[in-house]
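Here is how the chains run, residue by residue.
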Amino acid sequence: MRIRKAVIPVAGMGTRFLPITKSVPKEMLPLLDRPVIQEIVEETVRSGVRNIVLVTGMGKSSIEDYFDISPHLESFLAGSGRGGLLERVRDISRFVEIASVRQKEPKGLGHAILCARNLIGNEPFGVLLGDDLIDSDVPCLSQLIHVFEKVGRTVIALQRVPQEDVGHYGIIEGEMVEPGLYRVSRLVEKPSPGEAPSNLAVIGRYILPPGIFGIIDSLEPGAGGEIQLTDALDKLAADEGVFGLVFDGLRHDTGNLLGFLSANIHYALKDPDLGPRLRSFIMERLKQGDDP
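One structure accompanies this document, and this report is about it. Here, residues in each chain are numbered from 1, in the same order as that chain's written sequence. In view of the model being predicted, local features appear only for residues whose pLDDT reaches at least 70, and side-chain atom pairs are presented and counted only at 80 or more, with totals across whole chains, interfaces and linings using the full set of residues. Note that the side-chain values use all heavy atoms of the structure and ignore hydrogens as well as water.

1. Describing the overall build of the chain
- Secondary structure elements are defined from DSSP: runs of H or I of at least 4 residues count as helices, runs of E of at least 2 residues count as strands, and each element is numbered from the N terminus. Helix and strand counts for the chain stand at eleven helices and 13 strands.
- The size measure is the radius of gyration over C-alpha atoms, and the globule rule it meets is 2.2 Å times the number of residues to the 0.38 power. For 292 residues, the compact-globule formula gives about 19 Å, and the C-alpha radius of gyration of the chain, at 20 Å, lands near that figure.
- Reported as C-alpha extents along the three principal axes, the dimensions of the chain are approximately 60 × 50 × 40 Å.
- Partly exposed describes any residue whose relative accessible area lies between the buried limit of under 20% and the exposed limit of over 50%, with all areas from a 1.4 Å probe on protein chains only and scaled to the type maximum. Evaluated residue by residue, the chain yields a buried proportion of 46% over its 292 residues.
- Note on contacts: a residue pair is in contact if any heavy atoms of the two residues lie within 4.5 Å. Sequence separation of at least 24 residues holds for 75% of the intrachain contacts in the chain that already meet a minimum separation of 6.
- Here the Shrake-Rupley method, with its probe set to 1.4 Å, supplies the accessible areas, and only the displayed protein chains count as covering residues. Here the chain has roughly 14,800 Å² of accessible surface; of this, 52% comes from carbon and sulfur atoms.

Shown next, in the form of structure tokens:
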């Protein structure tokens with residue numbers, strides 16, 4: 001079955017970025033001249049998925065507004081002869097269909113996905129977490145869809161992480177069935193380094209079946225007192241099978257300040273206008289003996 005819909009949870013409070021996130025959703029923080037959430041949405045569209053469900057929370061209306069039509073702004077840009085900017089603004093609202101649903105309480109990622117149940121219906125769907133930016137020639141979601149079309153089962157994105165960092169992730173136990181592709185037998189949420197079954201971490205891209213909703217709905221709170229998606233995936237692995245793909249691409253965790261800054265530097269260096277000037281600035285600072 002073709003993947004037509006995707007869920008992007010954006011209800012988190014962004015406490016690591018306070019005080020700015022007191023009034024600005026973390027998903028709207030800038031990645032150069034656009035918000036982080038736009039990069040996630042563009043990955044979804046480049047993967048052939050144009051129907052997106054945002055799972056929002058209190059104070060997140062600016063995300064929905066960003067992807068809406070802005071007649072006043074468009075009229076101003078048209079009247080001032082800024083055709084290039086006008087097209088960029090129009091593209092944001094017309095290249096994707098956005099719907100939204102509220103997660104009224106912060107009960108975890110599993111619960112956030114459950115909130116999208118009525119808008120997804122009885123079909124498989126993608127999930128993209130807004131903290132994970134993945135720069136790749138083939139969009140990460142598209143890589144997962146390709147595997148899903150072959151195996152017909154749940155597919156999750158994987159990345160090897162240092163052993164000392166496994167406690168920050170859901171970690172899989174599994175068997176490699178071909179290079180980079182694993183049949184997952186078990187998942188553990190945030191294990192200690194000594195208890196982790198591997199160092200293959202689940203990263204924020206998933207292709208899930210509609211049956212995941214019933215599993216999530218039956219779960220008791222897990223790690224951190226929240227409804228964990230990892231627990232639902234662990235049950236799914238036992239019941240019908242889950243595959244994990246070590247994706248091709250460079251990931252930036254924008255959920256923390258260093259990851260957010262490194263993402264901006266990475267994308268700035270790739271920019272044909274900004275890149276050479278930023279590189280010169282960094283090299284000049286290094287020559288002066290300062291930190292870059």
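2. Structural notes on the nonpolar core
- Here, the term nonpolar core denotes a set of buried Ala, Val, Leu, Ile, Met, Phe, Trp, Tyr and Cys residues that are joined through side-chain atoms within 4.5 Å. Counting 46 residues, the largest nonpolar core has Ile8, Ile37, Val41 and Ile207 as the members making the most contacts within it.
- For this core, the leading source of residues is helix 7 (residues 140–151), giving six residues.
- Once you skip the residues sitting within four places of it in the chain, Val41 turns out to touch Ile8, Ile52, Phe67, Phe95 and Val96.
- Grouped together as the second largest cluster of nonpolar side chains are 33 residues, Val55, Ile120, Leu129 and Phe213 included.

3. Comments concerning the pairing of strand 4 (residues 51–56)
- In terms of burial, strand 4 is a largely internal element, five of the six residues being buried.
- Here, any two strands with at least 2 DSSP bridges between them count as paired. By the bridge criterion, five bridges tie strand 1 (residues 5–9) to strand 4 in an arrangement that is parallel. Bridge pairing links Lys5 to Asn51 in strand 4.
- Where strand 4 meets strand 5 (residues 97–102), six bridges bridge the pair, whose relative direction is parallel.

4. Digging into the side chain of Lys26
- Assignment of secondary structure puts Lys26 in the loop between strand 1 and strand 2 (30–31).
- In contact with Lys26, not counting residues within four places along its chain, are Gly14, Thr21, Lys60 and Asp131.

5. Concerning helix 11 (residues 274–287)
- To estimate how far a helix should extend, the number of its residues minus one is multiplied by 1.5 Å. Between its first and last C-alpha atoms helix 11 spans 20 Å; for 14 residues at 1.5 Å apiece the expected length is 20 Å, and the two agree.
- Downstream of helix 11 by a residue or two, Gly289 has a phi angle that is positive, lying close to 85°.

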